[in-house]
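Tertiary structure, described
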Amino acid sequence: MRADVADPDATTAPVQNAARAALRGTRFRIGYMHGILDLRLDGRTAPLRDVAGIDAGVQIGVSLPARFSLGLALSAHMPNTAIAQIGFRPGTEPQFFRYESVLQRATFDLALGIRKGPLGVGVGAAVAMDMGGDGTSFTLGQDAQGTYADAASDIRLDYRAAPIVGVSLDLGRFSFGATYRGALALGLLVESDIRIALAENPLNGTTAIAVKGASGFDPARWALGTKFVLHPRWAILGALEIQQYHDAPPPVANVTLDVRLGTSPGRTEVEFIAPRFRNVLVPRIGVEWTSPTGRPGAERLPNDERFRWAARAGYALEPSPVPPQTGFTSYADAPSHAFALGAGLGIGRYWGVDLRFDLAGRASLLAPRVEQKQIPALPYAKYEVSGKTFVGTISMEGSFR
């Protein structure tokens, strides 16, 4: 779902920007992304909403003794609809778990890097939020003064952090980068306690509902990237990324319903086992063509106000981590081919700030995949997954030299 496959900085994680910040000065960037999800089940469009949000980032660098440089980088993604979105539907229905909620939550990245010469090392954390607390309660009863009602709600958003580690090596025509980023997901725990005690009411009693699970799982990622400058104006970029879906929790919530109203059933519980997804290896390749005056983000002389531009293109093959479906669950996914185009324009220095603008777009085409379960009586014993997604981004960056 990322549009950065055509960006030359996409071969390294954001943590390395912290190590480079000291060499480039202080930078800020703000952008907007919008994604269109045209995903289909048996040829019918799945009921998924478009995703959109604002991205912002800042880098601050300082020079240290002994020719060391220190950099700090902070970035954030804020959806334009809500901090997090939670929906409920039968767990046996097909769902596009890799697309539905990953981009619909707020995330924050913080990294600190140090660099000397061509070598840079950085560490940091990716932060998201869980949803929990004491839940909600409702009491409806009677006393000597008549009917009364009491309600309370306690919802807490707890922070969850995943480690980020990165290293980069710049040898001139060759550059290398390696990163690790831990897994993240929106943890959900919602409890509801309803008590009814009314005179001559046949449904007096208690109802307790507990919903627990994880949504929007983003797997741990190991990435190795390289850049080779063929010509001062041409460069080739490549990367290999391992996505660890093997440890993914079920993308459907466990539900416990305890009803004590003098009726049956008295207790109902639904629990799904681990999905046993597979780890996948994602190869990426890209090319960049820059203007004769250099890349848009390169350093300038104080009186240099010439335009600088860069054009980029990229491709990524993303296998599916979902094994053939055989039971009650019906996860919808398929391998995809991603194509991306991007462009950057540096317009020069104004009011002491180097300004640049970037555009990027990505189209992912899912290879049609048919799921055929061995037992026809199971829910969704046969269904076809297909579709495509489109993501576009626009951003502005300013650099203080």
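Residues numbered from 1 in each chain as written. Predicted model: local features only at pLDDT ≥ 70, side-chain atom pairs only at ≥ 80, totals over all residues. Heavy atoms only, no water.

**Observations concerning the overall build of the protein**
Secondary structure assignment for the protein yields 1 helix and 19 strands. Every one of the 401 residues in the protein was classed for burial, and the buried ones make up 41%. By element, 64% of the accessible surface of the protein is carried by carbon and sulfur atoms, the whole surface being about 20,500 Å². (Helix = DSSP H or I, 4+ residues; strand = E, 2+ residues; numbered from the N terminus. Buried < 20%, exposed > 50% of the residue type's maximum accessible area, 1.4 Å probe, protein only. Areas by Shrake-Rupley, 256 points an atom, 1.4 Å probe, with all protein chains shown as cover.)

**Quick word on the confidence of the model for the protein**
Here the protein averages 82 in pLDDT, while 82% of its residues score no lower than 70. A low-confidence stretch, residues 1–16 stays under pLDDT 50, and its non-local contacts, those more than four residues away or across chains, total 57 contacts. Across residues 19–24 the pLDDT falls below 50, and counting only partners more than four positions away or on other chains, this stretch makes 21 contacts in the model. (pLDDT = per-residue confidence, 0-100. Contact = heavy atoms within 4.5 Å.)

**Concerning a nonpolar patch on the surface**
On the surface, a cluster of nonpolar side chains totalling about 770 Å² of accessible area is made up of Val62, Leu64, Ile114, Leu119, Val121, Val167, Leu169, Leu171, Phe174 and Phe176. Along the chain, Ile114 falls in strand S5 (residues 107–116). (Patch = residues over 30% accessible without salt bridge, like charges linked within 9 Å, V, L, I, M, F, W, Y side chains within 5 Å. Salt bridge = Lys/Arg side-chain N within 4 Å of Asp/Glu carboxyl O.)

**Examining the nonpolar core**
Counting residues in hydrophobic clusters, the biggest one holds 15 residues, and the most contacted among them are Leu39, Leu41, Leu48, Phe96, Leu366 and Val385. Of all the secondary-structure elements, those providing two or more residues to this core are strand S1 (26–41) and strand S19 (382–400). Here this core gets 4 residues from one element, more than from any other, and that element is S1. (Core = buried A, V, L, I, M, F, W, Y, C linked by side-chain atoms within 4.5 Å.)

**Focus: the packing of aromatic side chains**
The final tally for this structure, using the stated rule, is 11 aromatic pairs. Ring geometry for Phe277 against Tyr331: centres 5.4 Å apart, planes inclined by 75°, an arrangement best described as edge-to-face. Highlighted residues: Phe277 in the loop between strand S14 (267–270) and strand S15 (280–290) and Tyr331 in the loop between strand S16 (308–318) and strand S17 (336–350), separated in sequence by 54 residues. Across the pair, Tyr331 and Phe277 agree in class, each one buried. Three or more aromatic residues joined by ring pairs make a cluster, and in this case those are Phe97, Phe217, Tyr245, Phe277 and Tyr331. (Phe/Tyr/Trp six-rings, centres within 6.5 Å; stacked < 30°, edge-to-face > 60°.)

**Re the pattern of salt bridges**
The full count for this structure, using the stated rule, is 20 salt bridges. With a closest N to O distance of 3.1 Å, Lys388 and Asp38 form a salt bridge. On the criterion of sequence distance, the pair formed by Lys388 in strand S19 and Asp38 in strand S1 is long-range, its members being 350 residues apart. Judged by relative accessible area, Asp38 falls into the buried class, the value being 15%. By sharing partners, the salt bridges in this structure join Arg27, Arg29, Lys227, Glu288, Arg295, Arg312, Arg356, Asp358 and Glu397 into a single network.

**Focus on the environment of Ile30**
Along the chain, Ile30 falls in strand S1. Looking at Ile30, the relative accessible area reads 46%, which means it is partly exposed. In the structure, Ile30 is positioned 327 residues away from Phe357 in sequence and 10.0 Å away in space, judged by C-alpha atoms. For Ile30, the residues in contact, after removing those within four places along its chain, are Ile54, Asp55, Ala56, Ile394, Ser395 and Met396.

**Looking at the side chain of Asp38**
Side-chain polar atoms of Asp38 contact the side chain of Arg40, separated by 3.5 Å. Apart from residues no more than four positions distant in its own chain, Asp38 is found in contact with Thr45, Gly387 and Lys388. (Polar contact = N/O pair within 3.5 Å; in protein donor to acceptor, adjacent residues only side chain to side chain.)

**With respect to the pairing of S1**
The sheet contact formed by S1 and S19 spans 16 bridges and is antiparallel. Among the inter-strand pairings, Met33 is bridged to a residue of S19, identified as Thr393. Once S1 ends, the chain turns through 2 residues before running back antiparallel as strand S2 (residues 44–45), passing Asp42 with a positive phi of about 55°. (Pairing = 2+ DSSP bridges.)

**Points about the pairing of strand S18 (residues 353–372)**
The sheet contact formed by S17 and S18 spans 14 bridges and is antiparallel. Considered in S18, the bridge of Gly346 is made with Arg356. Counted between consecutive antiparallel strands, the loop separating S17 from S18 contains 2 residues, among which Trp351 sits at a positive phi close to 55°. Direction of pairing for S18 relative to S19: antiparallel, over a ladder of 18 bridges. Across the sheet, residue Gly361 finds its bridge partner in S19, namely Gly392.

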